[in-house]
Amino acid sequence: MQRFLNNPDDIVDETVRGFVKAHHNLVRLDPNNPRVVVSASAPSQGRVGIVTGGGSGHEPAFIGYTGRNMVDAVAVGEIFSSPTAKSFLDAIKAANGGAGVAVLYGNYAGDNMNVKMAAKMAAKEGIEVLTVVANDDVSSAPTAEREKRRGVAGEILMWKIGGAKAATGAALSEVQAAAQKAIDACRSVGVGLAPCTLPAVGHPNFEIGPGKMEIGIGHHGEPGVEVSDLKPADQIADDMLEIVLADHDLSAGAEVAVLVSGLGATPVNELYVLYDRIETRLAKRDIKVHRALVGNYFTSLEMMGATLTIMALDDELRTLLDTEVACPGFGG
Amino acid sequence: MQRFLNNPDDIVDETVRGFVKAHHNLVRLDPNNPRVVVSASAPSQGRVGIVTGGGSGHEPAFIGYTGRNMVDAVAVGEIFSSPTAKSFLDAIKAANGGAGVAVLYGNYAGDNMNVKMAAKMAAKEGIEVLTVVANDDVSSAPTAEREKRRGVAGEILMWKIGGAKAATGAALSEVQAAAQKAIDACRSVGVGLAPCTLPAVGHPNFEIGPGKMEIGIGHHGEPGVEVSDLKPADQIADDMLEIVLADHDLSAGAEVAVLVSGLGATPVNELYVLYDRIETRLAKRDIKVHRALVGNYFTSLEMMGATLTIMALDDELRTLLDTEVACPGFGG
Amino acid sequence: MASFLATEGGTLVKEVSAVIVENRSYLSEIDGRIGDGDHGANMAKGFGRAADRIPDDAPLADALAILSDVLMSEIGGSMGPLYGMMFSDMADTVRGQERVDAPGFGAMLRAGLEGVRGVGSAEVGDKTLMDTLVPAVEAYEGALGAGSDFAAALEAMKTAAEKGRDSTIDLVARIGRASRLGERSRGVLDAGATSCCLILVALADGAVRRLG
Amino acid sequence: MASFLATEGGTLVKEVSAVIVENRSYLSEIDGRIGDGDHGANMAKGFGRAADRIPDDAPLADALAILSDVLMSEIGGSMGPLYGMMFSDMADTVRGQERVDAPGFGAMLRAGLEGVRGVGSAEVGDKTLMDTLVPAVEAYEGALGAGSDFAAALEAMKTAAEKGRDSTIDLVARIGRASRLGERSRGVLDAGATSCCLILVALADGAVRRLG
Ligand SMILES: Nc1ncnc2c1ncn2[C@@H]1O[C@H](COP(=O)(O)OP(=O)(O)O)[C@@H](O)[C@H]1O
Ligand SMILES: Nc1ncnc2c1ncn2[C@@H]1O[C@H](COP(=O)(O)OP(=O)(O)O)[C@@H](O)[C@H]1O
Ligand SMILES: [Mg+2]
Ligand SMILES: [Mg+2]
Ligand SMILES: [Mg+2]
Ligand SMILES: [Mg+2]
C-alpha cells in the first residue's frame, strides 16, 4: 500500500484537523466534537441550517462542501462508515439558527439509522429537523424501487440547491422541498476501473481484473450491474449517458447540469475526455448543458473510475444552482 | 492500463476540447490553434498579457489556470512534452493587449527552446516579450546551481502573482519582476510513492518498489535525490519540510503560503494528513501560514505522491496572492 | 442453579472484544466481497477501545454499557446503532443483578435481539446479523424451555448461531449495502452475521467457563 | 562519382520514419529510465505523420522540410526544436540539387549538426544526441577527406554513430531532463542519442541502396 499514513486508526482525525487548518477562513471545528466541521458562517440566525454527513475517504466530500450558502455543518464518519448519531446531532445543533435544520444525506443503512436517531434527539432538544435522502445512483436498484438506490455524487447538487434555498430565507419545509426536487432531478452512474484500498485493511477491498471494468459501481466499491471488457473512453461515456438518460425524463430542449467526478486516481485529463464526448452526445439530443463540473468532486480513496451525474434543471433549480457559494470543494 | 482512453494519440486534443466546453464561461479555444487555451477576459487592452504552457498530463495545470487575473493564454503540449514554438507564439499573440506579454514557464529543455523561438518570432511581429523561468524544485540541483532546477508546483503561485500584478495595470518589466520575485520566494519538493503510465506507452515509465518512496521526484517521474523505505506520513511531511526550509531563508515571524499538491492518485484526505503535520511544524518555528492550498493542483497523470511548496511572503506578494481570481483550477 | 458473578462481566466482555480484534482482517475481507470492507476495522476499533476502558471487575451491565457507548458515540457506521442498541438493551436487563443465571441470560439475549430489530427492522432471510441472532436467541430459549441447563442452552445457542451465520451464504441480501447486488450477493457469508456469531460464541464460552 | 537522385528523397525519408515508428516502444522505454518516457511516442507521432504527408517522389529537400515542419509545429517537446532545426537546415543545403553526391551529403550532415548545436548548445559528453551526431558527422567528413568513396564514408558514419550512442551509457547527463540525476543517470543509454543513431543509420542504409 503506497500511501501517506500514520496509524490508520488516526487518519480521519488527522484529515479533519488538516482540513480545518487549511481552510480556516471558511470552516471551523465544532468545539464539542472533533468529528463535526462547521461553516464559518454558521449558524445564521433565522435561516434554515443545512447538515450532511457520511463516511470519510470521499474527500472533498463531505467536509469540502461546508461553507457559505452550502452546507452549514458536516458530521464526519470513519473511512466508508456513517458518522455517529451523536455527531449528526452535534452537526444539527451547530447548524441550527432557530429556523430548523435540513439534513440532506445519502441512502446508506448506517446513515439512515444514525440520522434517524439524531433527529429524534434533536427534536427532544426542540430543534425541528427534516431530512432528504439522496438516491441518485441509477444502477443500485430498478426504477420501481428508487427508494432503495444509493446516494452518490448527485448529493453535491442537492447540497448546492438546499444551501442556496436556505440562503433565500425560505422556511424549512421549502428548503426540504427544493433539496428533494434537486435530488429527484439527478441521475448518476459510476464506472470503476481499479479498486481502492482502505488504510486499515491494507489490500484492495474488491477486484477489477486488468482489461475489465465495473459498470454501476458504488462509491465504496459496491459491485455494479455488470463487469465488462474495458472499452474506449467514448464508448464508456456513451454507455454511462445511456444508463442515466434511460432513467431520466428529458426531452429535446431540456437544460441540465452535468457533473463528471473522478473516483480518486483517474487522471483529470481523462475526465475531460469523457466530458467532451458527453456534451457532444447531449447536444445531439438537443439537451443544453447550463453548468458543467468536471474534477475530483466525490472520490473513493484512490479508486480508478468516474461517475456521471445529470441533473435536469427548471427555472428554480437553475437560479439556485447559480447562487454564489464559497466552500473548499468548489475551490474555496 | 486501467484508463479512460480512445486513441492515445488523440488524448490531448480531446482533453482540451472537453476542458473548453466544460469551462466556456472562463476560457475559449484560440480559433487559429487548437493547442492554445485563452481566457475569456483576454486580451485586455493596455494590460500586460500572461502566458504559460507546458506538457499535458498535469491537469488542472496548465490549462486550468487560465482565467481572470490569472493566465491569459496557455500553450498546450503533448503528454509530458513542451508545446511547439508555434503554440507559444499563438498564445503570446492571443494574450497581447498591446502592453507586452510575460511568459512564465517551467525550466525544461523543450520549453526553454520553444519559448525562446516563440519570443523571437513575437519580437518580429512587434510584441514585446519578457520571460520568467520557474526553478522551484529544490531537489533537482544544489543551491549553487539554482538556475538548473526544474519548475514544479510553485509555478502556480508564480502565475497567481504575475496575473495579479498585471491586473494592477503594471508595466511589463514590473510584472516580470513580480513573477520573478514570486518564484524566487518558492521552494518545492516532491515525493513519489508509485509511478504513472503514459497512455501511449502503456506501462509505468519508472519504478518505485512496494514499500519504497522516491524523495525529490520530478513531475514526470524524473528520479529524485534518494530512494528510501516508505515512512509514516508525519515523518515524510517532516522530511519534505526540512528539504524546502533548508534551502529557504525564513526566520521566526515569517509569513508563507503553503501548497500541498497531490500527484494524481493519492487520496485527497492524505494530503490533509500531510498538511496537518506541516502546519503544526511551521507553527513550532513561529512561521505563519497566510494561505494554504491543498488538493490536486499540479498532477502527473496517476502518479501517487505529493509535492510541497513553501512561498515566503512580503507585503506585495501577500496582497497579490489575495487578489481575487476566477479560473477552473481554483474551482472556477 | 448455575450462574456466574455479574462482576465477571468485565473480563467476559473483554474476551468477546479480543475475539473481534483477532478477527479484524477476516471480517473486513468478508465485508469487502459484497460490501465496502470496513466491518473488521470498525468493529476492532470499537471493541478494542471499549476493552481498554472496561475495568476488569466491572459488572456485566457496566461493561456492556461501555461497549455500547463506544460503538454508538465513537464508531458510528451501521454497527454503532445496531450493536450499540443491542448491548445497551442487554445492559439494561442485567443491571443491578449480582449473578446472571440462565433465565437472566435469556432475558438479556432477547432484549438485545429486540434492540437490533427496533433500529434495523431486518428479519431472518435478509442476509444480515439477524440471521445469526434470531435463531440463536430462539434456540437458547427453546432449550431452556425444554429443560436444558444453562450450559446446554448456551451450547444450543452456539450451534444455532453458527448455523444461522452459514445460512447467509445462500441468501440474497435484501437489506443494507449488499442488497443492491441482487444475485451477486449470493454465495458469500454476511459480515454482520459472522461478527454476531463470533460475539455470541465468545459470550457463551466465557459464560460457561464462569459457571459456578 | 556515386550519387543518388534527389527525388528518391521521399522514399528515403519515409524509410527513416518507418524505423522510428518501429522503435517507438524501445525509445520510450529508454527515455523512461532517466527521463519522462515520452520520446518514442512523440518521435513516432511526428515521423509517422510526416511520412503520411510526404509524396513518394518528393525531392529530398522537400521531404526533410515536411518532416521538420511537423516536428516543429505539431510535436514540440525538445525534439521539435532540435530535430526540427536539424532537418530544416539539412533541407536548405540540398534544395535545388538534382542529385546528392558525397560532398553534398556531407554538407547536409554538417548543416544539420550546426542546426542542433545552435538551438540546444549541447556538446559531446553532455549525454545527448550530440554524442551520436558529432562523431558521426566527423567520421563521415574524415573518411571522405582520407579518400573514401560515398558508401565507405557512410559506413564510417554508421560505425561512429553507433559508437557515439553507446558512449552515452557511461556518461553522466549534463543537459536536459536527466541532468538533475547526477550519478544516477550513468549506466543507461541516452534516448536522443539512440534515436539519432537510428536516423543516421537509416539515412546511410537508404542512401547506399540508392547509389548509382
Ligand atoms: N438493518 C439492518 N439490520 C441488521 N443488520 C444490518 C442491517 N443493515 C446492515 N446490517 C448488517 O451490517 C453489516 C455491515 O456492517 P458494516 O460493514 O459495519 O456497515 P456498512 O454496511 O455501513 O459498511 C451487514 O453485513 C449486515 O449484517
Ligand atoms: N540541449 C540539447 N541538445 C541536444 N539534445 C538534447 C538537448 N536537451 C535534450 N536533448 C536530447 O533530448 C532527449 C530527450 O528527448 P525527449 O524525451 O523527446 O524530450 P523531453 O526530455 O523534453 O521529454 C535526450 O535524450 C537528449 O538526447
Ligand atoms: Mg461502511
Ligand atoms: Mg517530455
Ligand atoms: Mg461495511
Ligand atoms: Mg522525454
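What counts and how
Numbering of residues starts from 1 in every chain and runs along the sequence as written. Chains carry letters and ligands carry numbers; both start at the beginning, A for chains and 1 for ligands, and go up in the order they are written. At least 70 in pLDDT is required for a residue's local features to be given in this predicted model, at least 80 for side-chain atom pairs to be given and counted, and no such filter applies to totals for whole chains, interfaces and linings, which use all residues. The basis for every side-chain value is the complete set of non-hydrogen atoms in the structure, without hydrogens or water. Only N, O and S atoms count as donors, using a 2.8 Å limit from the metal and a wider 3.2 Å limit for Na, K and Ca, and since water is excluded some coordination spheres may look unfilled. Segments assigned H or I by DSSP are reported as helices when at least four residues long, segments assigned E as strands when at least two residues long, and all are numbered from the N terminus. Burial here depends on accessible area, computed with a 1.4 Å probe over protein chains only, as a share of the maximum for the residue type. Under 20% is buried, over 50% is exposed, and the range in between is partly exposed. Salt bridge criterion: a side-chain nitrogen from Lys or Arg within 4 Å of a carboxyl oxygen from Asp or Glu. Contacts are assigned to residue pairs with any non-hydrogen atoms lying within 4.5 Å of each other. By convention in this text, a residue qualifies as near a molecule or strand provided that one of its non-hydrogen atoms is within 4 Å of it. Under this definition, polar contacts are N or O atom pairs within 3.5 Å; protein pairs additionally need one hydrogen-donor-capable and one acceptor-capable atom, and for neighbouring residues in sequence, both atoms have to be side-chain atoms. Computed with the Shrake-Rupley method and a 1.4 Å probe, the accessible areas treat only the protein chains shown as cover for residues.

Chemist: Could you clarify how one ought to interpret the coordination of the magnesium ion (ligand 3) in this entry?
Modeler: Ideal coordination angles are 109.5 degrees for a metal with four donors arranged tetrahedrally and 90 or 180 degrees for a metal with six donors arranged octahedrally. On the protein side, the magnesium ion (ligand 3) has F80 of chain A (O), D36 of chain C (OD) and D38 of chain C (OD) as donor atoms, found 2.2 Å from it. In this structure the magnesium ion (ligand 5) is found 3.5 Å away from the magnesium ion (ligand 3), and D36 of chain C serves as a bridging donor for the pair. With one member in each of two chains, F80 of chain A in the loop between β4 (73-79) and α2 (85-95) and D36 of chain C in the loop between α2 (24-34) and α3 (39-53) form a pair that bridges those chains. For the pair F80 of chain A and D36 of chain C, one class covers both residues: buried.

Chemist: What exactly am I supposed to notice about the pattern of salt bridges here?
Modeler: Opposite charge on two side chains makes pairing possible when the charged atoms of those side chains draw close. Scanning the model with the defined rule gives 88 salt bridges over all chains in all. Between K21 of chain A and D276 of chain B there is a salt bridge, and its shortest N-O distance comes to 2.5 Å. Here K21 of chain A, found in helix α1 (residues 11-22), pairs with D276 of chain B, found in helix α7 (residues 268-284), and the two come from separate chains. The class of D276 of chain B is buried, set by a relative accessible area of 4%. We note a salt bridge from K165 of chain A to E316 of chain A, for which the minimum N-O separation is 2.9 Å. In this pair, K165 of chain A sits in helix α4 (residues 154-167) while E316 of chain A sits in helix α8 (residues 315-322), placing the two residues 151 residues apart along the sequence. By relative accessible area, K165 of chain A is classed as buried at 18%. We classify E316 of chain A as partly exposed; its relative accessible area is 26%. One salt-bridge network, in which partners are shared between bridges, spans R110, E114, R117, E123 and E141 of chain C.

Chemist: Just checking my understanding: could you explain the side chain of S39 of chain B for this structure?
Modeler: All names here are of chain B. Tracing the backbone through its elements, the reader meets S39 in strand β2 (residues 33-39). Using a relative accessible area of 1% as the deciding quantity, one classes S39 as buried. Sequence-distant contacts of S39, that is, excluding residues within four places in its chain, are made with L26, V27, R28, T66, G67, R68, V71 and D72.

Chemist: Explanation requested: the site of ligand 2 in the structure shown.
Modeler: Residue and element names in this part refer to chain D. The local shell around ligand 2 holds 17 residues, among which D36, H39, S78, D190 and G192 are the closest. The side chain of D31 places a nitrogen or oxygen atom 3.0 Å from an oxygen atom of ligand 2. A distance of 2.8 Å separates an oxygen atom of ligand 2 from a polar atom in the side chain of H39. For ligand 2, whose free accessible area comes to 570 Å², the fraction covered by protein is 94%. When residues of the shell around ligand 2 are traced back to their parent elements, those giving at least two are α5 (79-94) and α9 (191-210). Ranked by residue count, the leading element in the shell around ligand 2 is α9, at three residues.

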